[in-house]
Amino acid sequence: MNARRYSLTPQMAQYDDFVDRGETRWVPYLMYFHRADYRSGVVNTDRLGFRVSHGASGSASVADAPADGTVNVLAGSSTAFGVGTTGDAASIPSRLWTRHAPSAPWLNLGARGYCSTQEMMLYLLHREMLPPVDQLVILSGLNNLALAGLPRALQGDYGAFFFSGEYYQQMEELRSRHRKAKRTGRLGRGERRSAAPPAPADEAPLTLDERLATAVERTALDLERFRLLAGASGTRISFALQPLATWVRDTPSREEAELFHELDRKQSTFWQLFGEIAPAEVGRRYAEGIAQACAKHDVAFLDLNPLVADAADPGQWLFVDRAHFTDEGYDLVSGLLATGLGLS
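Model, not experiment: these values are computed from the prediction.

(A) Local environment of the overall build of the protein chain. Scanning the protein chain from terminus to terminus reveals 14 helices and nine strands. Over its C-alpha trace the protein chain gives a radius of gyration of 21 Å, about what one expects of a compact globule, namely 20 Å for 344 residues. Dimensions of the protein chain along its principal axes, counting C-alpha atoms only, are 65 × 45 × 45 Å. When each of the 344 residues of the protein chain is scored for burial, the buried share is 52%. Excluding contacts between residues fewer than 6 apart, the proportion of contacts in the protein chain whose partners are at least 24 apart in sequence is 74%.

Laid out in structure tokens, this is it:
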């Protein structure tokens, strides 16, 4: 099923191995995070699971940050992590450090499959390990909007997250076992566990307007938390709305069309989560909402979608899937970030 995908983008076989669900690392507070000390010709992580970035003066990561001077940090989800690159040196932090904004090392705080609350918590839990942070750029937004489309039963008080259905099912099974143990005085080995109750069949899904409002509200809350974490440190916080292929242009390149077609045959879940939000008009409305939230919290804002659309050549191969870039696409985005946010 992946024959053409691996032919056009052979590096994706390594990313598929990297996120093997059988190797998922479950961690406190964050739910899950990358495999630590992962080594390959494409993806490499440090002892904590952060991707290594490269610059003219060497390499660095959160666990191996420079001892002296200031650093810059790129936070966010899988685009910030650099899914799709052929190597660590082609990720956005590496391209910023090497070419587009090389005044200080850039550390990769990107995390696959995170919502904004998890991104904020990741920064909170590791901030004391870092030297003084000059620039904190958050490249995110897409996952919050996708997750806002999940049933209300999975939203809870703190918002939805990926794999939340599995989490609630496992927790319900655990509760059921303890209830039975309480009644019988012991937990029988091999007893059949009850599954989590499904969401009510008549539960109305969020309308598109509600979905947009929910995603903007969650993002705004976490921007405020990022500001509180920065305190009086002088760290400049910026938010860049990550591109989605359908928000950038109507017609994909030849290579993108082939990849999207193959992925659609294999991964129907994309359209379940992203179908309603795929139109470019939805992206524009979302950008307007986040721009207002950023202005309220004194955070610089950049919508990368129109910038990528204007900067890309017709037919230029930018995406390996609808959310992640080729090396050429990542370098383009890195330059637009540096210019649009005044990074140096």
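Still more ground to cover, so stick around.
(B) Layout of empty space enclosed by the protein. Evaluated as defined, the whole model comprises one cavity of 30 Å³ or more. Taken as a whole, the largest cavity holds about 90 Å³ of empty space. Only helix H5 (116–126), helix H6 (142–147) and helix H8 (208–230) provide two or more residues apiece to the lining of the largest cavity. Of the residues in the lining of the largest cavity, the class split is five nonpolar, six polar and one charged.

(C) Main features of the state of the cysteines. Per the counting criterion, the structure on display carries zero disulfides. Here Cys 115 stays free of any disulfide, with the sulfur of Cys 294 as its closest cysteine sulfur at 17 Å. Using a relative accessible area of 7% as the deciding quantity, one classes Cys 115 as buried. When its relative accessible area of 0% is taken as the criterion, Cys 294 is described as buried.

(D) Structural detail: the sheet that holds strand S9 (residues 300–303). Taken in spatial order, the five strands make up an open sheet running S6-S5-S7-S8-S9, and their pairing is parallel. Every interior strand has two partners, whereas the edge strands, strand S6 (106–110) and S9, have only one. Strand-to-strand, the axes of this sheet are offset by a mean angle of 20 degrees, without reference to chain direction. Here strand S8 (residues 236–241) runs beside S9; their pairing, made up of four bridges, is parallel. The partner of Ala 240 across the bridge, within S9, is Leu 302. Packed on one face of the sheet, helix H4 (residues 92–100) meets strand S5 (71–76), S6 and strand S7 (133–140) and runs near 165 degrees to S6. The strands that H8 touches are S7 and S8; relative to S8, the one it contacts most, it runs at about 155 degrees.

(E) Geometry of helix H12 (residues 280–296). Along its 17 residues, H12 runs 25 Å from first to last C-alpha, staying within 8% of the 24 Å computed at 1.5 Å per residue. All of the buried residues along H12 are Val 282, Gly 283, Tyr 286, Ala 287, Gly 289, Ile 290, Ala 293 and Cys 294. In this structure, the buried side of H12 is in contact with H6, H8, S8, helix H9 (245–248) and S9. Two residues or fewer after H12 comes Asp 298, characterised by a positive phi angle close to 60 degrees.

(F) Broad picture of the pattern of salt bridges. Summed over all chains, the structure comprises 19 salt bridges. Measuring nitrogen to oxygen at the nearest pair gives 2.8 Å for the salt bridge that ties Arg 249 to Glu 256. Exposure remark for Arg 249: the relative accessible area of 18% places this residue in the buried category. You can call Glu 256 buried: its relative accessible area is 1%.

(G) Up close: the nonpolar core. Counting 84 residues, the largest nonpolar core has Leu 136, Tyr 286 and Leu 337 as its most contacted members. The dominant element in this core, judged by the number of residues it contributes, is helix H14 (residues 327–341), at seven residues. With near-sequence residues (within four places) excluded, Leu 136 lies in contact with Val 73, Ala 75, Tyr 123, Phe 226, Thr 235, Arg 236, Ile 237 and Ser 238. The next biggest cluster of nonpolar side chains, apart from the first, holds nine residues, and it includes Tyr 15, Tyr 38, Val 42 and Val 43.

(H) Highlighting the layout of surface pockets. As a volume, the second largest pocket reaches approximately 420 Å³. Forming the walls of the second largest pocket are 21 residues, and the residues nearest its centre are Tyr 29, Thr 117, Tyr 158, Gly 159 and Phe 161. Put simply, the parts of the chain that give the lining of the second largest pocket at least two residues each are H5, helix H7 (164–184) and H8. Among the residues making up the lining of the second largest pocket, the classes are represented as twelve nonpolar, five polar and four charged.

(I) The arrangement of the packing of aromatic side chains in detail. By the definition in use, this model includes 15 aromatic pairs. Centroid distance Tyr 167 to Tyr 168: 5.2 Å. Interplanar angle 70 degrees. Geometry classified as edge-to-face. Judged by relative accessible area, Tyr 167 falls into the partly exposed class, the value being 32%. Taken together, Trp 26, Tyr 32, Phe 33, Phe 50, Tyr 114 and Phe 163 form an aromatic cluster joined through their ring pairs. The side chain of Arg 21 reaches across the aromatic face of Phe 163, ending 4.0 Å from its centre. Against the face of Phe 81 rests Arg 51, its NZ or CZ located 5.0 Å from the ring centre.

Reading the values: rules and limits
- Every chain begins its residue count from 1, and numbering advances along the sequence as written.
- Given that the model is predicted, a residue must reach a pLDDT of at least 70 before its local features are reported, and side-chain atom pairs must reach 80 or more before they are shown or counted; all residues, however, enter totals for whole chains, interfaces and linings.
- Processing note: side-chain calculations cover all non-hydrogen atoms of the structure and skip hydrogens and water entirely.
- Going along the chain from the N terminus, every DSSP run of H or I of four or more residues is numbered as a helix, and every run of E of two or more is numbered as a strand.
- As a reference, a globule follows 2.2 Å times the number of residues to the power 0.38, and the radius of gyration itself is taken over C-alpha atoms.
- When accessible area is computed with a 1.4 Å probe and restricted to protein chains, residues below 20% of their type maximum are described as buried, those above 50% as exposed, and intermediate ones as partly exposed.
- Here, residues are in contact when the closest pair of their heavy atoms is within 4.5 Å.
- Both cavities and pockets are sets of points on a 1 Å grid over the protein atoms alone; in a cavity a 1.4 Å probe fits but cannot get out, in a pocket the set is open with protein on both sides within 12 Å along at least five of seven lines, and lining residues sit with an atom within 4 Å of a point.
- Grid points are joined across faces, edges and corners, and a volume is the space filled by probe spheres set on the points.
- Three residue categories are used. Nonpolar comprises Ala, Val, Leu, Ile, Met, Phe, Trp, Tyr, Cys and Pro, charged comprises Asp, Glu, Lys and Arg, and polar comprises the others, including Gly.
- Here, the term disulfide refers to a pair of cysteine sulfur atoms separated by no more than 2.5 Å.
- Strand pairing is defined by DSSP finding a minimum of two bridges between the two strands.
- Axis geometry follows a simple rule: fit a line to the C-alpha atoms, using only the stretch in contact for helices, then measure angles between N-to-C directions, giving values from 0 to 180 degrees.
- A helix is expected to span 1.5 Å multiplied by its residue count minus one.
- We define a salt bridge as a contact between a side-chain nitrogen of Lys or Arg and a carboxyl oxygen of Asp or Glu at a distance within 4 Å.
- The term nonpolar core refers to a set of buried residues drawn from Ala, Val, Leu, Ile, Met, Phe, Trp, Tyr and Cys, joined through side-chain atoms within 4.5 Å.
- Pairing of aromatic rings covers Phe, Tyr and Trp, the last through its six-membered ring, and needs centres within 6.5 Å; plane angles under 30 degrees mean stacked, over 60 mean edge-to-face, and all others mean tilted.
- Criterion for a charge above a ring: Lys NZ or Arg CZ within 6 Å of the ring centre, and within 35 degrees of the ring normal.

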